[in-house]
Amino acid sequence: MAVDLIRIRNLKTYFFQGKGILSKLFGQGLKIVHAVDDVSLTIKKGRTFGLVGESGCGKSTLGNTIFRLVEPLEGEILFNGRDVVKMNPEELRAFRQNAQLIFQDQFGCLNPRMTVGQIIAEPLLMRQGAQARPEDIAREVAELLSSVNLDPDAAVKFPNEFSGGQARRIGVARAIALEPEFIMADEPTSGLDISTAATILNLMQDLQDKMDITYLWVSHNLNQVKYMSDDMAVMYLGKVVEMGQTKEVFEQMAHPYTKALISAVPQVDTEQQKKTIFLKGEIPSPINPPSGCYFRTRCPQAFKRCEEEEPSLLDLGGEHYCACHLLSN
Amino acid sequence: MKTDTINQAEVGMSPAQLVLKRKWTDTLRVTLRAVVKVKGGLWGGIFISIMLICAIGAQWISPSDPNAQDIMHRFAGPSLDHFFGTDYLGRDIFSRIIYGCRIAVMVAFGAVTLSSIVGVFLGVVSGYNEGKKIDYFIIWLFDIVRSFPQIILALAIVAVLGPSLFNVVIALAFTAFPFYGRVARAQTLSVKEADYVKAAEAMGLKPLKIISRHITPNIMAPVIVCLGMDMATMIVWESGLSFLGLGVRPPTASWGIMLRNGYKYIQTSPWMILWPALAIALAMIAFSLFSEGLRVALDPKERER
Amino acid sequence: MSEPLLEVSNLTLDYNLGNRKMRALDRISFTLDKGQVLGVAGESGCGKSTLGLAILRLLPRVAEIRRGEVLFNGANLLKLSEEQMEQEIRGQKITMIFQVPQNALNPVFKIETQMTDILRVQDKYQNPGSRKRRKDFRQQAIERLELTGIADPQARVSNYPFEFSGGMKQRVMIGMALSSGTSLLLADEATTALDVTIEAQINRLITRLAAEYGTSILYVTHNLGVLSEMADRIMIMYAGRIFEMGETQNVFGSPRHPYSAALLESLPSRQSKGKRLLSIPGFVPPLDRLPSGCSFHPRCAFAEEMCRQKVPPLTEVADGHWSACLLDQKRGRQKWQWT
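Just so it is clear, the structure is predicted and the values come from calculations on it, not from any experiment. Positions within a chain are numbered from 1, following the residues in the order the chain's sequence is written. Written order determines the labels here, with chains lettered from A and ligands numbered from 1. Predicted model: local features are reported for residues with pLDDT of at least 70 only, side-chain atom pairs are reported and counted for 80 or more only, and whole-chain, interface and lining totals are derived from all residues. For the side-chain quantities, the full set of heavy atoms in the structure was used; hydrogens and water were omitted.

Draft legend 1. Expanded view of the sheet that holds strand 4 (residues 63–72) of chain C. Residue and element names in this part refer to chain C. Taken in spatial order, the four strands make up an open sheet running 2-1-4-5, and their pairing is antiparallel. Two strands bound the open sheet, and with one partner strand each, they are strand 2 (20–33) and strand 5 (75–76). Strand pairing follows a simple DSSP-based rule, namely that at least 2 bridges must link the two strands. A run of DSSP states H or I qualifies as a helix once it reaches four residues; a run of E qualifies as a strand once it reaches two. Both are numbered from the N-terminal end. The pairing of strand 1 (residues 4–17) with strand 2 spans 10 bridges and is classified as antiparallel. Looking across to strand 2, one finds that V8 is bridged to F30.

Draft legend 2. Structural view of the sheet that holds strand 12 (residues 321–322) of chain A. Residue and element names in this part refer to chain A. Taken in spatial order, the eight strands of this open sheet run 6-7-8-3-9-10-12-11, and their pairing is mixed. Whereas interior strands pair on both sides, the edge strands pair on one side only; in this sheet they are strand 6 (99–102) and strand 11 (314–315). The pairing of strand 11 with strand 12 spans two bridges and is antiparallel. For D315, the partnering residue across the bridge sits in strand 12 and is Y321. Pairs of residues are marked as contacts when any of their non-hydrogen atoms sit within 4.5 Å. Structural elements are reduced to axes, namely lines fitted to C-alpha atoms, with helices fitted over the stretch in contact, and the angle between N-to-C directions of any two is expressed from 0 to 180 degrees. Strands in contact with helix 3 (residues 89–98) are strand 6 and strand 7 (182–186); relative to strand 6, the strand with the most contacts, it is inclined by about 60 degrees.

Draft legend 3. View of the packing of aromatic side chains. Pairing of aromatic side chains here covers Phe, Tyr and the six-membered ring of Trp, requires ring centres within 6.5 Å, and sorts the geometry by plane angle: under 30 degrees stacked, over 60 edge-to-face, intermediate tilted. All told, the structure shown has 21 aromatic pairs over all chains when counted by the stated rule. Between A:Y236 and A:F295 the ring centres are 5.0 Å apart and the planes differ by 85 degrees, which places this aromatic pair in the edge-to-face class. Of this pair, A:Y236 sits in strand 9 (residues 231–236) while A:F295 sits in the loop between helix 10 (256–264) and helix 11 (304–308); the two residues are 59 residues apart in sequence, bridging distant segments of the chain. Pair check on accessibility: A:Y236 and A:F295 agree, each one buried. Look at B:F142 and B:F177: their rings are 6.0 Å apart centre to centre, the planes differ by 70 degrees, and that puts the pair in the edge-to-face class. Of this pair, B:F142 sits in helix 7 (residues 133–146) while B:F177 sits in helix 9 (residues 165–191), and the two are 35 residues apart along the sequence. Here the two residues B:F142 and B:F177 agree in accessibility, since each one is buried. Each residue's exposure class comes from its accessible area (1.4 Å probe, protein chains only) as a fraction of the maximum for that residue type: buried when under 20%, exposed when over 50%, partly exposed otherwise.

Draft legend 4. Examining the packing of helix 11 (residues 207–243) of chain B against helix 12 (residues 255–262) of chain B more closely. Residue and element names in this part refer to chain B. At a closest axis distance of 7 Å, the pairing of helix 11 and helix 12 adopts a crossing angle of 45 degrees. The orientation of helix 11 relative to helix 12 falls into the category oblique. Crossing of helix 11 against helix 12: the hand is right-handed. Between helix 11 and helix 12, the residues in contact are I235, S239, S242 and F243 and W255, G256, I257, L259 and R260, respectively. By the convention adopted, Pro, Cys, Tyr, Trp, Phe, Met, Ile, Leu, Val and Ala count as nonpolar, Lys, Arg, Asp and Glu as charged, and the other residues, Gly among them, as polar. Broken down by class, the residue content of the contact of helix 11 with helix 12 amounts to five nonpolar, three polar and one charged. Should an angle fall under 35 degrees it is called roughly parallel, over 145 degrees roughly antiparallel, and 65 to 115 degrees roughly perpendicular, with every other angle called oblique. In a left-handed crossing the near helix is turned counterclockwise from the far helix by less than a right angle, and in a right-handed crossing that turn is clockwise.

Interpretation note: all reported values are geometric properties and have no functional meaning in isolation.
Set out below in structure tokens:
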């Protein structure tokens with residue numbers, strides 16, 4: 001049985017808007033954005049955890065909170081049993097070397113004024129400090145580049161000389177440079193063409209097999225999450241509405257939102273095409289979420305209780321959880 | 001789309017060195033090469049080079065002593081003996097223009113270097129610590145300085161410290177540093193949100209390293225462009241201060257002093273004012289062209305074309 | 001029997017960039033019938049966006065149409081004067097919606113102002129001499145918004161673009177683009193930037209309105225799944241050429257070109273977890289350095305010597321199913337099995 005690598009308990013990340021004097025004077029008051037609202041989940045070692053949801057559902061914020069790039073309001077994030085939230089700067093640095101990020105914007109995450117060699121060498125230099133020998137570093141950089149199927153000559157070029165897919169691979173090479181246990185990939189194939197995306201997915205799969213990396217796969221592409229992940233969670237307005245093994249969630253989806261989301265994904269194979277469930281309207285603002293169940297304003301099956309009471313995650317057995325009043329009736 | 005890259009042969013470094021570090025001289029060479037490719041950048045560069053040569057080698061280039069008076073040949077028009085003519089004391093204007101380059105260059109480079117170093121440092125620190133006390137303090141400092149009209153402030157400082165070359169540099173630098181600080185701060189605010197800065201943070205890099213390796217290099221392009229533009233402004237201001245008698249002390253040859261001496265004789269000996277005015281105008285155009293070239297050369301996106 | 005609305009034949013277009021000449025469209029020929037949806041798919045740089053712009057003649061100055069014609073209702077659009085294009089075609093009979101609606105809406109004007117501007121222009125050319133007033137246009141704008149399913153159009157029409165979400169902006173764009181006078185809608189990655197549930201809504205809206213007005217659609221996207229649900233016919237492009245064209249279920253069900261087959265096999269939705277996806281070796285070639293013969297041959301697993309030499313013509317391999325592959329004849333109905 002797989003060991004837990006990350007356990008998140010009751011994590012809340014809020015953003016506060018209108019703290020300034022002017023907003024106070026003009027009476028707009030404090031606005032609270034419930035970006036991540038009481039999320040608990042467990043990511044198992046050596047597996048891929050898919051996090052899906054539409055834009056603004058807080059999936060990226062959740063990822064950034066794990067790295068403490070955003071400070072949580074409360075809750076705990078246990079990484080190998082140690083709470084990331086309580087780490088001091090020194091411990092945090094050590095943790096961050098063991099956990100890496102792959103960003104959505106494949107060019108934006110590469111410093112345009114550094115050569116690819118410098119970019120990839122940076123984490124290596126940081127670990128080895130002053131006694132690092134340039135020849136060793138250069139050799140390691142070349143090895144890393146070839147492990148992501150790039151020509152070692154790439155080291156002397158600047159990021160803007162590469163295509164999107166190649167830039168993405170440079171980002172992956174930097175992420176695996178320190179042989180981390182955990183990598184969060186935020187929309188790793190956005191902006192890439194179909195065949196390039198397939199190359200990246202294969203590469204990341206290979207790296208996982210080779211280096212036993214745990215992935216947190218943040219994506220709005222359900223097809224991809226279905227293909228890549230072992231476990232998954234569906235988020236809506238900062239809350240997890242359904243969670244479980246990917247196979248289980250796709251086969252026995254319980255939450256109306258999951259159903260709508262999955263049915264809306266366009267499929268190439270006609271036999272796979274289901275009847276699309278069209279949701280009403282758009283995601284409400286996370287500043288003033290609806291009372292009760294956040295999804296009730298768009299839910300085709302909402303009833304009175306949804307308005308009054310917030311549903312909690314129900315165990316459906318087999319580590320499959322869902323937060324919906326329909327299930328407890 | 002192949003770009004103007006530095007390949008190994010071009011800079012003659014071992015691959016290991018190239019991966020880890022690039023000598024600043026190589027960066028300079030590549031940048032300058034890109035600048036002269038830009039329309040006008042070449043002309044700006046040529047004129048600035050001439051100015052620099054004149055400034056450094058004034059004593060060898062100028063045909064006569066800039067302060068040697070020759071009362072017999074006062075107000076002489078341009079001739080083979082005196083290319084640009086002579087002034088009211090019979091001094092050779094050509095030599096004085098060349099020596100004036102030295103003052104102009106010293107003031108421009110001195111004031112701009114001083115103010116940009118101070119300004120950028122404060123700007124980056126305040127931008128990186130956005131919203132903290134230190135940020136507010138630095139902004140407050142900038143605003144105080146900026147709330148005085150620049151020329152009045154410069155005049156006041158020189159008046160207090162006494163007119164001298166060094167004090168002019170100090171005064172001009174003091175009026176200009178908030179300008180760099182503002183540019184640097186604004187740039188820092190946008191650059192620190194870039195994914196590569198987040199990536200560096202997520203990697204566990206220390207703040208000082210992040211500032212020096214990831215933020216500062218990426219904010220420098222607009223700062224350097226401002227530097228070029230400001231050089232031109234500083235030359236004009238130095239002339240202005242000298243013109244008012246608050247700059248370099250006479251008889252030192254400065255373009256501003258030459259203007260001051262010449263304007264009285266504009267109807268009888270117009271060359272006395274023509275040459276220094278032309279020198280100032282050319283210097284301004286040259287620095288503007290050059291800084292435009294720099295802007296293009298320093299933009300990685302523009303460089304690609 | 002369906003009648004053709006748009007007939008493009010042998011359309012060839014170059015981009016002249018300094019000393020480099022890039023052939024962005026190479027002998028493109030296809031027909032779009034009235035009321036039909038033609039999906040155009042391909043990877044970036046295959047010329048699919050250029051195609052839409054070429055039809056509307058909204059090309060950058062460096063582009064040069066070499067030959068070919070674009071017959072729209074029998075009239076060659078390439079021969080029309082610029083005025084005729086402006087008064088009769090663009091924004092009237094042929095309209096376009098883009099990937100990023102926020103760029104198409106000016107942030108400093110109200111939605112009402114921007115919509116009435118367009119409506120006024122449309123009205124001016126459609127009913128010359130009409131004396132409609134501001135109030136009428138406002139009413140018309142509200143009707144259009146209502147049509148696109150925006151709640152409370154009376155109030156929303158006075159909003160600024162920033163008060164609208166991405167999906168709603170795209171609705172506004174559709175509302176401006178689709179009217180009873182429109183006979184062709186060009187959609188360039190119209191829903192790529194949107195979330196799946198919103199994407200489904202918008203695509204349904206486009207389909208519904210198009211059916212109502214009898215509008216044909218040229219739907220350009222890289223998302224094969226969307227095309228499979230929207231399009232009647234599909235066109236697969238690669239490096240400026242059409243590689244395969246036919247009924248949607250034929251192209252996706254039994255692709256006759258190795259490239260289409262490869263694209264379908266590299267989709268994660270078709271593979272079960274753990275199995276490797278197909279990744280086509282190599283890269284899409286830059287348009288100024290295309291390989292000889294079939295431009296796909298260096299990446300194709302089935303390429304033979306003749307692919308290197310001869311450019312494959314687009315031939316009808318089955319009823320209404322076209323493919324540009326030299327090996328098709330030889331292989332008969334055998335599947336392109338990449339893995």
